[in-house]
Amino acid sequence: MNHKQAKRLILLAAVFTGGLVFYFLPSEIYAGNPLEFHAVATDIVTRLVLGGLLLALALALPIMVPLLAWRKLYAVLLGGTFLALWVSGVFLVGDFGELDGSSFDMARHSGTLMVHGLVFLAVLCAAWLATWKWPGIATTAVAFIGTGLLVIATFNFYRAGAVSDPQLQPIDPNELARFSSEKNLLIVLMDSFQSDVLRELIKEQPALADDLDGFGFYPDTLGVAPTTYLTMPAFHSGRSYNNTMALSEYYDVGVKTGSFMVELAEGGYQVDLLNPITRTCPRGSNICEQQENLLLHAAEIVGDEAARLADLSLMRVAPGYLKQWVYNDNNGPFSRRRDQRELGWTGTRVYHGNTILQMIADKLQTNAAVPTAKLIHLFNSHPPYIFDGECNFIGAGNPQDRPHMTMQIKCGMHWFVYLLQRMKAAGIYDNSMIILTADTGAGIFHAKDSLSSLYAQEHGVPPGKFGRLIGGANPVLAIKFPRSHGTLQTSSVSAQTSDIPRTVCETLGDCTNTRGVNLRNSPLRERSRPYNYYRWKNEYWSLNHIPGMLHYTVTGPLWLESSWSQTAVGEMPELIATVNFSREDDPAIYGPGWSHYEVNNEGVTKRWSDAKRAELYLPLPSGEDLTLEFKVLMAPGLPDQEMTVKVNGQVVGSRDLEHRIRFVSVGVPSSLISQPVTEVALEFSRLKMREGRQRRDISVSFYQLNIYQ
């Protein structure tokens, strides 16, 4: 290897190592997790590319060493290391769970880390040896692989940029803190607030029962699922989920169109939501944004998320046990450097939850011209546990156990009571309906046994797996009805979080919901309540059905083991036919409104609608209800669209489309299916073709239609 060859290899390996760590791997993470990030792709890329250039410059500096022997040795080491890091970051990837400061525990994966570490060492030695022996071939390999990574990364960011939000929408804190002097609904959902903790806090602080003036406490409250993902549509609409409906449809009918807040908005309420799940908002909402848009400037969000992507990328390339060193205390080095509190993304959301309560309280105004309905979803009681009972920050990485959980919830209750006091001072407490609740308890599968339900322990269920199941299924629920006063009262009613819509509607009288029971006047102490259990994985965000879900029926108090029985969950729908919008499809199924088919560089086919109405003529089987699941993408240049699906002239559903590929599904009753073919018409609300523009740029692309029975 001469001077020129050594210099070339050093430069290539330095540039592509920087590209691997700060460009390619972040692009894979960013594009693969669209709901986890808020900053737009172009802003993220700017920060990351700067980091990549600095790393490349640092790695290339030894090129100045004049001695050929040392330069050749460095070229071999750097070139081989790049190849080994590429293998580590792209191929030696394991399922380490959620990097959320709670379920993420690298010690649980020691076997996998050991294997990955040994494989990395073997690859590294082989790469060094090959680079020393065949420097020309190694240089070509580095150039080929590195160039490919940069091309793929550019495509990833381009694709993600085409479907991401055009800008961060700031929230005016004064608007969120605006209440009516006449009528208000305030729901504070403190994520993972387990019911038995409120009882323990009241025992410790009897004055808390007086602070919760007029509230009724429902200890026997069952959630609907172990995570917020399945909880939120039930919370909005009272609908139970049985895994036969696509989750995209569940969010559409459960939140977007079926939330009790939609009816309140239509009735003139100012409806505000903070931290909606999957960014799905009830129609007519005044505010519906993430808390980052309330608390941080856009530049801060970009910086935080760029640092998080770089941290995750470093963990990807780090071999074996080095991952644990890189991602120390669930937080990487770049996030630690930006934030002296050493908090990752979830930890930062936890830290700011109490700030939001204080902000709303301090800025509270009573000048809203109409009644208000607010759903404030906070993470101040969610792991990681970072506060003591006096709201002092105690750092990240604390055990997920009962003492730390109780201290953190005690801190959250301090600020919740502060908000109640401000409402009293403003004269709106009496005429407001206030609900303190949670999506789940904290006794999830990664938690310590001490998070097992105390109620269950008092009834003979020892701490452990089943006790944690009961704790996780038992979120807090306390309700203050308008004009209620007095010390906190405990109810023996068997409640469920899906009862909230009916309870709200029948109390306020401004919306209608007949699912569940009205907890204000229900005499029910024993009833059958459904509960769906699953072990969460991040890939479920992009699935339409949750695999391996267990369905329980709880009859009687939830803390009794005898109340729980496992029942057959609705069977996963059977896929009976697929339309790929390609030339393999029968041409007879396409009516007016469709383009010719196209194939992209990855071999994926699609057709795009070229009219306001696109028709399909499908040979559907009769006698069974069906589900039509469309994989669609709304072009970036197209205004917001609502797609209405009609079957033989009858509307079966309307779905909002987005500037990202998503699945939308509708149910088709068997009574609408005709033989030999059924007409399925797709009508678009604002699809207008203008002269002089490519129709494909202002249309909706269809990639697949799955037909389930």
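These numbers were taken from a predicted model, which means no experiment stands behind them.

Draft legend 1. Fine view of the overall build of the protein chain. Helices and strands together make up the secondary structure of the protein chain, namely 20 helices and 23 strands. What you see for the protein chain is a C-alpha radius of gyration of 28 Å, in line with the 27 Å of a compact globule of 709 residues. Considering only C-alpha atoms, the protein chain reaches an extent of 85 × 65 × 50 Å along its principal axes. In the protein chain, buried positions account for 56% of the 709 residues. By sequence separation, contacts in the protein chain at least 24 residues apart represent 76% of the contacts at least 6 residues apart. With the model as given, the accessible surface of the protein chain reaches about 29,000 Å², and the carbon-plus-sulfur share is 55%.

Draft legend 2. Region of interest: the state of the cysteines. Tallying each qualifying case throughout the model produces three disulfides. Paired by a disulfide, C391 and C411 hold their sulfur atoms 2.2 Å apart. Between C391 and C411 the sulfur-sulfur dihedral comes to about 120°; the bridge is accordingly right-handed. With C391 in the loop between β6 (372-378) and α17 (402-425) and C411 in helix α17, this pair connects stretches of sequence that are 20 residues apart. Judged by relative accessible area, which is 0%, C411 ranks as buried. The cystine pairing of the protein chain, numbering bonded cysteines in sequence order, is 1-2, 3-4, 5-6.

Draft legend 3. Broad picture of a positive patch on the surface. On the surface, R108, K465, R535 and K537 cluster together to form a positively charged patch. Structurally, R108 can be placed in the loop between α3 (68-90) and α4 (110-133). Exposure remark for R108: the relative accessible area of 43% places this residue in the partly exposed category.

Draft legend 4. Molecular detail of helix α20 (residues 500-508). Of all nine residues that make up α20, seven are buried, and the element is covered over most of its length. Taken as a whole, α20 has its buried residues at I500, P501, T503, V504, C505, T507 and L508. Buried positions along α20 lie against β1 (184-190), α9 (228-237), α11 (260-266), β7 (432-437), β8 (477-480) and β10 (495-496). Immediately beyond the C-terminal end of α20, within one or two residues, lies G509, with a positive phi of roughly 75°.

Draft legend 5. Structural detail: the side chain of S452. Inspection of the secondary structure assignment puts S452 in the loop between β7 and α18 (454-458). The buried category is assigned to S452, whose relative accessible area is 0%. Setting aside chain neighbours within four positions, we find S452 in contact with Q194, D196, R402, Q457, P463, G464, G467 and R468.

Draft legend 6. Spatial organisation of the pattern of salt bridges. Considering all chains together, one arrives at 24 salt bridges under this definition. Linking E292 and R349 is a salt bridge whose minimum nitrogen-to-oxygen distance equals 2.7 Å. In this pair, E292 sits in helix α12 (residues 292-295) while R349 sits in helix α16 (residues 345-362), placing the two residues 57 residues apart along the sequence. For E292, a relative accessible area of 8% translates into the label buried. With its nearest N and O atoms 3.4 Å apart, the salt bridge here joins E683 to K646. With a gap of 37 residues between them, E683 in strand β22 (residues 678-684) and K646 in strand β19 (residues 642-647) connect regions that are remote in the sequence. The class of E683 is partly exposed, set by a relative accessible area of 22%. Among the residues examined, K646 registers a relative accessible area of 21% and is labelled partly exposed.

Draft legend 7. Molecular detail of the side chain of K480. In this fold, K480 is placed in strand β8. For the buried residue K480, which engages in no salt bridge, the nearest side chain bearing the opposite charge is D430, 5.5 Å off. Among residues more than four places away in sequence, those in contact with K480 are D213, G214, F215, Y429, D430, S432, M433 and I434.

Draft legend 8. Molecular detail of the environment of G548. Among the secondary structure elements, G548 is positioned in the loop between β11 (528-533) and β12 (550-555). With 417 residues separating them along the chain, G548 and T131 place their C-alpha atoms 47 Å apart.

Draft legend 9. Just the sheet that holds strand β13 (residues 564-567), in detail. Here three strands make up an open sheet; going across it, the order is β11-β12-β13 and the pairing antiparallel. Each edge of the open sheet is held by one strand with a lone partner, namely β11 and β13. Taken over all neighbouring pairs, the strand axes of this sheet differ in orientation by 30° on average, direction set aside. With six bridges connecting them, β11 and β12 associate as antiparallel partners. Residue pairing for β12: N532 is matched across the bridge by H551.

Rules used in this analysis
- Residues numbered from 1 in each chain as written.
- Predicted model: local features only at pLDDT ≥ 70, side-chain atom pairs only at ≥ 80, totals over all residues.
- Heavy atoms only, no water.
- Helix = DSSP H or I, 4+ residues; strand = E, 2+ residues; numbered from the N terminus.
- Rg over C-alpha atoms; globule rule 2.2 N^0.38 Å.
- Buried < 20%, exposed > 50% of the residue type's maximum accessible area, 1.4 Å probe, protein only.
- Contact = heavy atoms within 4.5 Å.
- Areas by Shrake-Rupley, 256 points an atom, 1.4 Å probe, with all protein chains shown as cover.
- Disulfide = S-S within 2.5 Å.
- Patch = residues over 30% accessible without salt bridge, like charges linked within 9 Å, V, L, I, M, F, W, Y side chains within 5 Å.
- Salt bridge = Lys/Arg side-chain N within 4 Å of Asp/Glu carboxyl O.
- Lys, Arg positive; Asp, Glu negative; His and termini not counted.
- Charge placed at Lys NZ, Arg CZ, Asp CG, Glu CD.
- Pairing = 2+ DSSP bridges.
- Axes fitted to C-alpha atoms, helices over the stretch in contact; angles between N-to-C directions.

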